[in-house]
Amino acid sequence: FKDRLTFWQSAVNKSPHLARAHKGLGTTFLIQGNFDLAEKEYLAALKISPSEQKVHNNLGILYVNKKMFDKGEGEFKKEIETNPTYEASYYNLARLYAQEGKFVEAEKNWLKSIELKPGYIQAHQDLAVYYFQSKNYEKSLYHINEIVNRNAPLYPELAKVKVIIESQRK
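Residues numbered from 1 in each chain as written. Predicted model: local features only at pLDDT ≥ 70, side-chain atom pairs only at ≥ 80, totals over all residues. Heavy atoms only, no water.

(A) Examining the overall build of the chain more closely. Secondary structure assignment for the chain yields ten helices and zero strands. Listing each helix as α and each strand as β along the chain from the N terminus yields α-α-α-α-α-α-α-α-α-α. The dimensions of the chain, computed from C-alpha atoms along their principal axes, are 65 × 35 × 25 Å. Buried residues in the chain amount to 46% of all 170 residues. Within the structure as shown, the chain displays about 9,600 Å² of accessible surface, and the carbon and sulfur contribution to it stands at 54%. Taken together, the 25 basic and 20 acidic charged side chains of the chain have centroids lying 3 Å from each other. (Helix = DSSP H or I, 4+ residues; strand = E, 2+ residues; numbered from the N terminus. Buried < 20%, exposed > 50% of the residue type's maximum accessible area, 1.4 Å probe, protein only. Areas by Shrake-Rupley, 256 points an atom, 1.4 Å probe, with all protein chains shown as cover. Lys, Arg positive; Asp, Glu negative; His and termini not counted. Charge placed at Lys NZ, Arg CZ, Asp CG, Glu CD.)

The following block contains the structure:
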């Protein structure tokens, strides 16, 4: 196959009864920014298999990109309901809540994503920023150190925050 799109189109054509094929094609369209075709394929996948993993999460991402925040929230929650150990759904829900200014709910979901995947760097980054902005410097530093201890790249802004917090401790 010459590219991802060709592969997944072939998979859907040869196996239209497989939810995974529709999910793969939907994800390809999502990556390309073709939200209408992505939605069509995701809905086809769910019609075949209502609990197909990661489809509700991806629909949530799609709806957030289309500024349909209520629908996005609903899809993330459906993914969590059917796939409660998928850390990305909690993370995506947290990002949505943060965008809406619902920081208590965001924090809860960021922490859940880290509980499920302790090395979830993006969640540590978001929590470090959130705690710094909330003036909870110890928690911010904790998450910055988690990033550093996992040898992940540290955003320059977080490196500055680390220096500020550590200098205040002295």
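(B) Local environment of the nonpolar core. Grouped together as the largest cluster of nonpolar side chains are 20 residues, with contacts concentrated most on L93, A106, W110, Y120, A123 and L127. By residue number, the principal contributor to this core is helix α6 (residues 87–99), which donates eight residues. Setting aside residues no more than four positions away along its own chain, A123 makes contact with Y91, W110, S113 and I114. (Core = buried A, V, L, I, M, F, W, Y, C linked by side-chain atoms within 4.5 Å. Contact = heavy atoms within 4.5 Å.)

(C) Molecular detail of the environment of D36. On the secondary structure map, D36 appears in helix α3 (residues 35–48). A C-alpha to C-alpha distance of 48 Å links D36 and E166, two positions 130 residues apart in sequence.

(D) Structural detail: the side chain of E75. Structurally, E75 is set in helix α5 (residues 69–82). In this structure E75 comes out as buried when scored by relative accessible area, which is 9%. If sequence neighbours within four positions are ignored, E75 has contacts with H56, N57, L59, G60 and Y63.

(E) The arrangement of helix α2 (residues 19–32) in detail. Across its 14 residues, α2 extends 20 Å between first and last C-alpha, which sits within 8% of the 20 Å expected from 1.5 Å per residue. When you tally the buried positions in α2, you get eleven out of 14 residues, the bulk of the element. G33 sits one or two residues past α2 and shows a positive phi near 85°. (Expected span 1.5 Å × (residues − 1).)

(F) Structural context of the pattern of salt bridges. Considering all chains together, one arrives at eleven salt bridges under this definition. Note that E52 is salt-bridged to K23, the shortest N-O span being 3.3 Å. Residue E52 is found in the loop between α3 and α4 (55–65), and its partner K23 is found in helix α2; the two are separated by 29 residues along the sequence. Of the two residues examined, E52 and K23, each falls in the buried class. Between D36 and K66 there is a salt bridge, with its nearest N and O atoms 3.3 Å apart. (Salt bridge = Lys/Arg side-chain N within 4 Å of Asp/Glu carboxyl O.)

(G) Quick peek at the packing of helix α7 (residues 103–116) against helix α8 (residues 121–133). In the contact formed by α7 and α8, the axes pass within 9 Å of each other and the chain directions differ by 145°. Once α7 is placed against α8, the crossing between them reads as left-handed. Residue-level inspection shows F103, E107, W110, L111, S113 and I114 of α7 in contact with α8, the latter providing A123, H124, D126, L127, Y130 and Y131. Of the residues contributing to the contact of α7 with α8, the split by class is eight nonpolar, two polar and two charged. (Axes fitted to C-alpha atoms, helices over the stretch in contact; angles between N-to-C directions. Left-handed = near helix turned anticlockwise from the far one by under 90°. Nonpolar A, V, L, I, M, F, W, Y, C, P; charged D, E, K, R; others polar.)

(H) Representation of α4 within the structure. Of all eleven residues making up α4, nine are buried, and the element is well covered by its neighbours. All of the buried residues in α4 are V55, H56, N57, N58, L59, G60, L62, Y63 and V64. Structurally, α4 contributes buried residues whose contacts are with α2, α3, α5 and α6. Taken from the residues just after α4, K67 is the one with a positive phi, measuring 65°.

Limitation: the analysis is restricted to geometry and does not speak to function.
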